[in-house]
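The primary structure of each chain is shown beneath.
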Amino acid sequence: MANSIMDHIGRHIAVPDSPKRILSICPAITETLFSLGLDEMIVGRTKYCIFPKGKVENIPIVGGTKEVKIETIRNLQPDLILAEKEENTRDIVLALEEIAPVFVTEVQSTDDAYRLIKTLGALTNRKKQAHELLTSCQNVFPTPTEDQTLKAAYIIWRKPYMAVGGTTYINDVLRILGFENPFTNKKSRYPEVTNEELAEANLDILLLASEPFPFQEKHIAEFRKFLPKVKILLVDGEMFWYGAKMLEASEYLKDVKRRAISERD
């Protein structure tokens with residue numbers, strides 16, 4: 001038996017009452033499913049679904065987030081597929097709908113991230129576990145601060161440089177930490193930015209993420225050439241994932257704020 005449920009992008013999906021074979025093509029969703037105790041029901045994941053360590057390795061890989069192996073997924077016989085608007089493409093969703101119901105989530109803020117946890121609990125008959133996870137995350141995750149706002153850019157890519165823009169979960173985390181992102185008005189959610197744009201942004205802090213491009217200590221020097229007075233911090237990009245990761249990331253994110261303030265002073 002199936003229920004008609006509206007997903008996060010306004011599509012009506014016929015979702016089974018009690019899904020038994022769940023496939024996730026979004027890393028944050030996969031990790032959250034494990035946190036809800038659904039280990040035995042997860043039948044497929046992407047190669048980027050790397051958490052939780054020690055458990056996820058047992059789940060078959062069906063490709064990446066932008067390209068999947070349709071026949072592999074078909075052979076896994078999922079009865080529910082979970083996707084995310086930013087992570088996965090429209091073409092993938094349309095193709096997978098020929099195999100099983102595809103519920104598309106959308107996360108652009110911390111509130112959306114909390115909604116995701118609640119939604120996954122409802123879809124998988126894990127409402128109690130989802131409530132417990134949601135409450136734990138809300139209790140420890142940073143809350144908006146009235147502290148001094150620092151101008152900060154979060155860089156995710158090199159050649160060309162790409163920054164986090166507006167309407168993204170990471171941008172909302174920056175806001176909560178008291179950072180002002182100067183690239184929220186760009187048309188793209190992850191705009192390309194030039195050396196000149198970074199220099200003209202009057203940044204206090206530049207955050208270089210460990211993923212998707214793996215920025216390391218050796219890359220700091222190239223930014224210092226045109227941002228000599230800006231504090232540059234390397235940050236663990238995985239700690240800026242949503243869902244179950246928020247519980248683990250809470251103290252790390254607070255420490256990022258402390259590092260930004262102390263190193264600036």
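Above this text sits the structure in question.
Residues numbered from 1 in each chain as written. Predicted model: local features only at pLDDT ≥ 70, side-chain atom pairs only at ≥ 80, totals over all residues. Heavy atoms only, no water.

A. Layout of the pairing of strand β10 (residues 205-209). Most of β10 sits inside the fold, with five of its five residues counted as buried. Every second residue of β10 is oriented toward a common face, with Ile205, Leu207 and Ala209 on one face and Leu206 and Leu208 on the other, all of them buried. Two elements, β10 and strand β11 (residues 231-235), share five bridges in a ladder whose sense is parallel. Bridge pairing in β11 places leucine 208 opposite leucine 234. (Buried < 20%, exposed > 50% of the residue type's maximum accessible area, 1.4 Å probe, protein only. Helix = DSSP H or I, 4+ residues; strand = E, 2+ residues; numbered from the N terminus. Pairing = 2+ DSSP bridges.)

B. Main features of the side chain of asparagine 171. In this structure, asparagine 171 sits in helix α6 (residues 169-176). At 3.0 Å, the side chain of asparagine 171 forms a polar contact with the side chain of asparagine 181. When neighbours within four sequence positions are excluded, asparagine 171 is seen to be in contact with Val164, Gly165, Gly166, Asn181 and Thr184. (Polar contact = N/O pair within 3.5 Å; in protein donor to acceptor, adjacent residues only side chain to side chain. Contact = heavy atoms within 4.5 Å.)

C. Examining the pairing of strand β6 (residues 102-105) more closely. Neither face of β6 is left uncovered, since the one carrying Val102 and Val104 and the one carrying Phe103 and Thr105 both have all their residues buried. Where strand β5 (residues 80-84) meets β6, four bridges bridge the pair, whose relative direction is parallel. Bridge pairing in β6 places glutamate 84 opposite threonine 105. The handedness of the β5 to β6 crossover, carried by helix α3 (residues 90-96), is right-handed. (Right-handed = clockwise from strand over helix to strand, strands pointing away.)

D. Quick look at helix α1 (residues 27-35). Within α1, eight of the nine residues are buried, leaving the element largely enclosed by the surrounding structure. Looking at α1, one finds that the buried residues are Pro27, Ala28, Ile29, Thr30, Glu31, Thr32, Leu33 and Phe34. Taken from the residues just after α1, glycine 37 is the one with a positive phi, measuring 80 degrees.

Function-wise, these values are silent; they only describe arrangement.
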